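Read off the chains here:
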Amino acid sequence: MPLSAAVISGVQKLVLYETRARYFLVGSNHAQTKHRVLKIDRTEPKDLAIIDDKHVYNQQELRELLGRLDLGNRTKMGQKGSSGLSRAVSAYGIVGFVRFLEGYYLVLITKRRKMADIGGHSIYKIEDTNMIYIPNDSVRVTHPDEARYVRIFQNVDLSSNFYFSYSYDLSHSLQYNLTLLHSPCDPGTVEEVHTRSSRQQDSFDIFEDEGLPTQVFHGLQSEPYAKYVWNGKLLERVKDTVHPDWLMYIIHGFCGQSKLLIYGRPVHVTLIARRSSKFAGTRFLKRGANCEGDVANEVETEQIIHDASVMSFTAGSYSSYVQVRGSVPLYWSQDISTMMPKPPIRLDQADPYAHVAALHFDQMLQRFGSPIIILNLVKKREKRKHEKILSEELFPAVINLNQFLPPEHCIDYIAWDMARYTKSKLYNVLDRLSMIAENVVKRTGFFINRSDFFCHTLRPDERWGDLGGSLTSSGRVQTGVLRTNCVDCLDRTNTAQFMVGKCALAYQLYALGMIDKPKLQFDTDCVRLFEELYEDHGDTLSLQYGGSQLVHRVKTYRKIAPWTQHSKDIMQTLSRYYSNAFSDADRQDAINLFLQVYQPSESKPHLWELPTDFYLHQRNSMALTHDRRSYTYWWSEGILSYLPLPYDEVPCEENMKKVGVRRVNRYDESIDTYTEFFKPYELTSFDDTFCIAMTNSARELMPKTVGVDPSPFTVRKPEETGKSAVIGAKSSKEETVVQRKTAASAPPPPSEEQISSSSEDDSEDDRDDDGSVSQRSTPVKLLTESGESVRTQEDFLQQSMRETYGLNLAALPAEEDMLIYERFAYLGQNQHKLERTEPSVLENAINVVPVSCFTTDSIYEVSSPQVDRDNREVFEGHVLTGLGQVRSLCREDILMYREYIKNRYM
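What counts and how
- Residues numbered from 1 in each chain as written.
- Predicted model: local features only at pLDDT ≥ 70, side-chain atom pairs only at ≥ 80, totals over all residues.
- Heavy atoms only, no water.
- Helix = DSSP H or I, 4+ residues; strand = E, 2+ residues; numbered from the N terminus.
- Buried < 20%, exposed > 50% of the residue type's maximum accessible area, 1.4 Å probe, protein only.
- Contact = heavy atoms within 4.5 Å.
- Areas by Shrake-Rupley, 256 points an atom, 1.4 Å probe, with all protein chains shown as cover.
- Lys, Arg positive; Asp, Glu negative; His and termini not counted.
- Salt bridge = Lys/Arg side-chain N within 4 Å of Asp/Glu carboxyl O.
- Pairing = 2+ DSSP bridges.
- Axes fitted to C-alpha atoms, helices over the stretch in contact; angles between N-to-C directions.
- pLDDT = per-residue confidence, 0-100.
- Core = buried A, V, L, I, M, F, W, Y, C linked by side-chain atoms within 4.5 Å.
- Polar contact = N/O pair within 3.5 Å; in protein donor to acceptor, adjacent residues only side chain to side chain.
- Expected span 1.5 Å × (residues − 1).
- Phe/Tyr/Trp six-rings, centres within 6.5 Å; stacked < 30°, edge-to-face > 60°.
- Lys NZ or Arg CZ within 6 Å of the ring centre and 35° of its normal.

Draft legend 1. The overall build of the protein chain, seen in detail. Helix and strand counts for the protein chain stand at 27 helices and 28 strands. A burial count over the protein chain gives 48% of its 906 residues as buried. Taking all contacts inside the protein chain whose residues are at least 6 apart in sequence as the whole, residues at least 24 apart take part in 72%. For the protein chain, the exposed area adds up to about 46300 Å²; of that, 52% sits on carbon and sulfur atoms.

Draft legend 2. Up close: the side chain of Glu649. Tracing the chain through its elements places Glu649 in the loop between α17 (639–642) and α18 (653–656). One buried charged side chain, Glu649, makes no salt bridge at all; its nearest oppositely charged neighbour is Arg367, positioned 7.1 Å away. Not counting chain neighbours up to four residues away, the residues in contact with Glu649 comprise Ser173, Gln175, Tyr176, Thr179, Arg367, Val477 and Asn655.

Draft legend 3. Representation of the pattern of salt bridges within the structure. Tallying each qualifying case throughout the model produces 27 salt bridges. As a salt-bridge pair, Glu127 and Arg113 come within 3.2 Å of each other at their nearest N and O atoms. Note that Glu127 is positioned in strand β9 (residues 121–133) and Arg113 in strand β8 (residues 104–118), a separation of 14 residues in sequence. A relative accessible area of 29% means that Glu127 is categorised as partly exposed. For Arg113, a relative accessible area of 41% translates into the label partly exposed. The salt bridge involving Glu873 is made with Arg869; its shortest N-O contact spans 3.4 Å. In this pair, Glu873 and Arg869 are both assigned in helix α26 (residues 869–882), 4 residues apart and thus about one turn of the helix distant. A residue is classified by how much of its surface remains accessible, and Glu873, at 35% relative accessible area, is partly exposed. One network of salt bridges, with partners in common, ties together Arg274, Glu300, Glu302 and Arg367.

Draft legend 4. Looking closely at unusual backbone geometry. Residues Ser370 and Pro371 are joined by a peptide bond in cis, for which omega reads 5 degrees. The topology assignment puts Pro371 in the loop between α6 (355–368) and β19 (372–376). Each neighbour pair has its own omega, and for Leu643 with Pro644 the value is 10 degrees, a cis peptide bond.

Draft legend 5. Layout of the sheet that holds strand β2 (residues 13–18). Strand order in the open sheet formed by 5 strands is β5-β4-β3-β2-β6, and the pairing between neighbours is antiparallel. Edge positions in the sheet fall to β5 (50–57) and β6 (86–91), since each has one partner strand and no second. Direction aside, neighbouring strands of the sheet carry axes that sit 20 degrees apart on average. Where β2 and strand β3 (residues 22–28) come together, 6 bridges link them in antiparallel fashion. By the bridge assignment, Val15 is partnered in β3 with Val26. Together, β2, β3, β4 (35–41) and β5 form the strand contacts of helix α1 (residues 59–72), whose direction differs from that of β5 by roughly 140 degrees.

Draft legend 6. The arrangement of the confidence of the model for the protein chain in detail. In the predicted model, the protein chain carries a mean pLDDT of 80, and 76% of its residues have values of at least 70. Taken as a whole, residues 724–794 scores under 50 in pLDDT and shows 118 contacts with residues more than four places along the chain or in a different chain. Within the model, pLDDT remains below 50 along residues 832–846, and this stretch shows 11 contacts once partners closer than five positions in the same chain are excluded.

Draft legend 7. Inspection of the nonpolar core at higher detail. Counting 55 residues, the largest nonpolar core has Leu433, Val441, Phe446, Phe498, Leu509 and Leu520 as its most contacted members. Top element by residues in this core is helix α12 (residues 491–511). It accounts for 12 residues.

Draft legend 8. Spotlight on the side chain of Ser171. Mapped onto the secondary structure, Ser171 falls in the loop between β10 (162–164) and α3 (174–181). In terms of polar contacts, Ser171 uses its side chain to reach the side chain of Asp169, at 2.7 Å. At 2.9 Å, the side chain of Ser171 forms a polar contact with the backbone nitrogen of Tyr225. Contact partners of Ser171, with chain neighbours within four places excluded, come to Pro224, Tyr225, Tyr228, Val229, Ile251, Arg274 and Arg367.

Draft legend 9. Structural detail: the pairing of strand β25 (residues 659–665). Counted residue by residue, β25 has 5 buried out of 7 residues, so it is predominantly covered. Direction of pairing for strand β12 (residues 216–222) relative to β25: antiparallel, over a ladder of 7 bridges. When the bridges of β25 are listed, Leu220 appears paired with Val661.

Draft legend 10. Summary view of α12. Along its 21 residues, α12 runs 30 Å from first to last C-alpha, staying within 8% of the 30 Å computed at 1.5 Å per residue. Burial analysis of α12 places 21 of its 21 residues in the buried class, which makes it a mostly covered element.

Draft legend 11. Region of the structure containing the packing of aromatic side chains. Per the counting criterion, the structure on display carries 29 aromatic pairs. Summarising the aromatic geometry, the rings of Tyr353 and Tyr631 are spaced 4.5 Å apart at their centres and angled 10 degrees between planes, so their arrangement reads as stacked. Here Tyr353 is found in the loop between β18 (345–347) and α6, whereas its partner Tyr631 is found in the loop between α16 (614–617) and α17, with 278 residues between them in sequence. Given a relative accessible area of 33%, Tyr631 falls into the partly exposed group. Taken together, Phe100, Tyr105, Tyr133, Tyr149, Phe153, Phe162, Trp230, Phe594 and Trp608 form an aromatic cluster joined through their ring pairs. In this structure, Arg42 is placed above the aromatic ring of Tyr23, and the distance from its NZ or CZ to the ring centre is 4.3 Å. Across the ring face of Tyr124, the terminal group of Arg112 is positioned such that the distance to the ring centre comes to 4.4 Å.

Below, the structure written as structure tokens:
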């Protein structure tokens, strides 16, 4: 069976040319060897007329085509001053086509930035876009409200956390993408490619008499997962009329990558968050679920660990772990008209048979398999019932759904009041979370594309044997997923997901052979790097949904947050309240317009005239559903027979219909990841090819002093890290107080009562439940009075030199060291007086035992090493080639040259 590889998009660079009647969009691959042309009619005032030229042009043909277009569109023949074809803009991809009340707009990506690299597949962030009106001014029909719709549409900042890739499907997980490459392809569905007509290829083949076979590959391109694609509706109008290379799908969320150096071995830690485009919106305006089972603030977070020393998906080692956050899947909302910091929670619709929860968990079983584990972090005990309302509805819904599932595939429900544990002086929040995380990871397992190492058999770990998931011939597969929620799915959820991700990271590194036990401790370079990634991830998602950064971080729950963090928490709380009260409505309108949930029309009221967008997201409120689902068999057909494996990853007939297959040769540009990444055909720089600017554990976290263990898994004190602050005295008569912060002893500077008051999730009625925790930080006084200042500075200098060099340079050398140095100096003086003909004088100068493997050892003579026969033949071949005498080529060389000629010139 032929091997499979992911298809690389053939349209990566765009140039838009314009005439009075048409736009010509020229798309090229990265090597500028193949070009496609899209013709857009500008004479249609309100319709979109696009013609995709199916022909693939080379550079010469494209130059001739543009020349003919330029000549044919001039106002006068032979006039060169006013060209009929002008270059409008250069771009890197098409976001889509959108229409409001006038004609269509074309949205292009004009700037991009590389954010991550996974197996040679680059992931880019959109930096800037350009919105171009298609119809000509002569046919434009103006509308007074058009400009307002354009402003609302542009309120969705495409330069903020939107990502795309030309060769990697970001809407799917790494497990799905790599599982697809190992799926068998139906020979009947294979599409014969490549680009030139078969008659043209058959007419000229300089190797047709050689009889050398061509290795065939299957290029695979799957349909994106619609839930996490944000421009699907914008491309829907042209999806069926243009070549798939023109379609580029973008995701919204977060993407970050850091480098973990393990004694020089690079390991890339990548975090990708995909925000759902279904039932999307802002904090108080989107709560619960809609009638189709899509929940608010649903985010799929995937952590990918891979050995960066090997780039290929087939030869490299890759591991991933996926978890999900999302609002409680019920019909509930909060009334924001009262202008309260925490509006009361209300249940909008009774759902005795858990119909909406069944739709939601059906989606999860289809994508992730079983078990589905729910970690519910909302409060259980409150003086005035607030969050508890959600728990009282969710738990019976899960019980109702579980009675129809087989016992081995039932939904697990874990309810834990995290806010109450935080206030308690007797419990450690993160210890409890680590226990939950260990049980979750053992049940779901994780994905890795290689089998166990032999060292795992020689030195087995008891936790490794209990690991869940599904074993395959090539490694492990994650089955099931953890679904975490609180009320907002922001602060508490991010900390819980970090602890689960930290536990999974330990198992992933153990599976890759990087550590000897699947366990990681806090205050190591590895965990600090992972914590920074998760905090950036949490801040980004919190800004998108809540309007501010995280209020509570991991350090807050570890009780080592500095004093200044309390004032930052207050500012973030105020920022979140302001955003929710004044700007969320405009942001919600922009999201509804961008996702085409609302499409403007002359016959409908305007977007800003709608009293609510409830009817836009609840389709059953506008029409009766014809197919009512069963309350007992609430899962989709076929899912149960494949559990615990996810149905979407099973190579069944229905799933393989979503995969496009191309039959190409091995060196074809559409699957050649090596050429795509390293670009050997052009002059490049290291800064462009490799992500040098990414966070590096050795550069930014490892201590700079000599003698410290460079392992990123060594526990360090806070003052030993590379990012520790340098404390200086403000004046000679001031006392500088340095707080020693350790994971075990130092609690947070603000009291627990103050912490709960600034939280977006905690209720105000719980403040007097527990007392505050007293501070146990020990101040250290550095006296800088005039009588002791000189001695203190000398002690500090001696201490720093001893720490850096291992000895005190201020003290005089010992007598033995001076004798050794004198012998060395005497030897050096006599060496320069020796002659090459007198090697015996060296022996008279000083008796030195030879340690070299060479027969003769001096500063003048060293015998040359012997060169074997193979190396001599290679060198002679280079010399003869330089003289114009080329040796006969072997069979492998002829095969390689034949493929090069075909791909480059034919």
